[in-house]
Amino acid sequence: MNNKNITQGFSLIEVLVALIVLSVGLLGLANLQGQSISSSYNAHLRTQATSLARSVIDRMRANRELATATENYQTVFGTPPPSAAIDCSNNDCTPVQIASYDLKEWKCNLGMYSKDAICQGLVSQVALPNGEGQIEPEVATGQTKVTVRWTDTAGAEHQVIMFTSL
């Protein structure tokens, strides 16, 4: 029995359907990979912001007497770093000068002012895109609120807020 109507292999339509299904699957994987990279980068930025907030809190604790008795560490968003040229490498700075230096270095490392002449030599690597910070000490209660905010590549604003007692 020789039947010439039996076909073997795939038709062109079957191959095209298989390619479309494969393409849709690969596009989905590519989209998932892009979202994964974006989420990873945002997590990295949040970690940097948390580290910067903790670093200024640690500096305030090192200068606790001044930090708890005055508002020398107070700063708000949009305020540039202090411009005074202070060198505390010889350990001969007053607590007020140390607070000024701490704020200057912190503001410079946040990112927004990193390219300013004031920050020359203080910034090793910009931590956050358009990063800026605010410190709100409450001298009466000893509570301090530190807020670090930045704008991601998509233009969305993020922030990390930490409350602490000195």
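Residues numbered from 1 in each chain as written. Predicted model: local features only at pLDDT ≥ 70, side-chain atom pairs only at ≥ 80, totals over all residues. Heavy atoms only, no water.

### Re the overall build of the chain
1) Next: What the chain contains, in helices and strands, is three helices and three strands.
2) Next: Secondary structure elements in the chain, listed N-terminal to C-terminal, are α-α-α-β-β-β.
3) Next: In terms of overall dimensions, the chain is more spread out than a globule: its C-alpha atoms have a radius of gyration of 28 Å, far above the 15 Å expected for 166 residues.
4) Next: Counting only C-alpha atoms and orienting by the principal axes, one finds that the chain spans roughly 105 × 35 × 25 Å.
5) Next: The 166 residues of the chain split such that 30% are buried.
6) Next: Excluding contacts between residues fewer than 6 apart, the proportion of contacts in the chain whose partners are at least 24 apart in sequence is 51%. (Helix = DSSP H or I, 4+ residues; strand = E, 2+ residues; numbered from the N terminus. Rg over C-alpha atoms; globule rule 2.2 N^0.38 Å. Buried < 20%, exposed > 50% of the residue type's maximum accessible area, 1.4 Å probe, protein only. Contact = heavy atoms within 4.5 Å.)

### Structural notes on unusual backbone geometry
1) Next: You will see that Asn130, though not glycine, has its phi angle at about 55 degrees, which is positive.
2) Next: Take Asn130: it is sitting in the loop between α3 (95-110) and β1 (132-138).
3) Next: Judged by relative accessible area, which is 48%, Asn130 ranks as partly exposed.

### Looking at the packing of helix α1 (residues 12-62) against α3
1) Next: In the contact formed by α1 and α3, the axes pass within 10 Å of each other and the chain directions differ by 175 degrees. Our classification of the angle between α1 and α3 gives roughly antiparallel. Judged by residue contacts, Leu52, Ala53, Ser55, Val56 and Arg59 of α1 engage Tyr101, Asp102, Glu105, Trp106, Asn109 and Leu110 from α3.
2) Next: For the contact of α1 with α3, the class distribution of residues is six nonpolar, two polar and three charged. (Axes fitted to C-alpha atoms, helices over the stretch in contact; angles between N-to-C directions. Parallel < 35°, antiparallel > 145°, perpendicular 65-115°, else oblique. Nonpolar A, V, L, I, M, F, W, Y, C, P; charged D, E, K, R; others polar.)

### Regarding the environment of Thr144
1) Next: Structurally, Thr144 can be placed in strand β2 (residues 143-151).
2) Next: You can call Thr144 buried: its relative accessible area is 2%.
3) Next: In the structure, Thr144 is positioned 46 residues away from Ile98 in sequence and 18 Å away in space, judged by C-alpha atoms.

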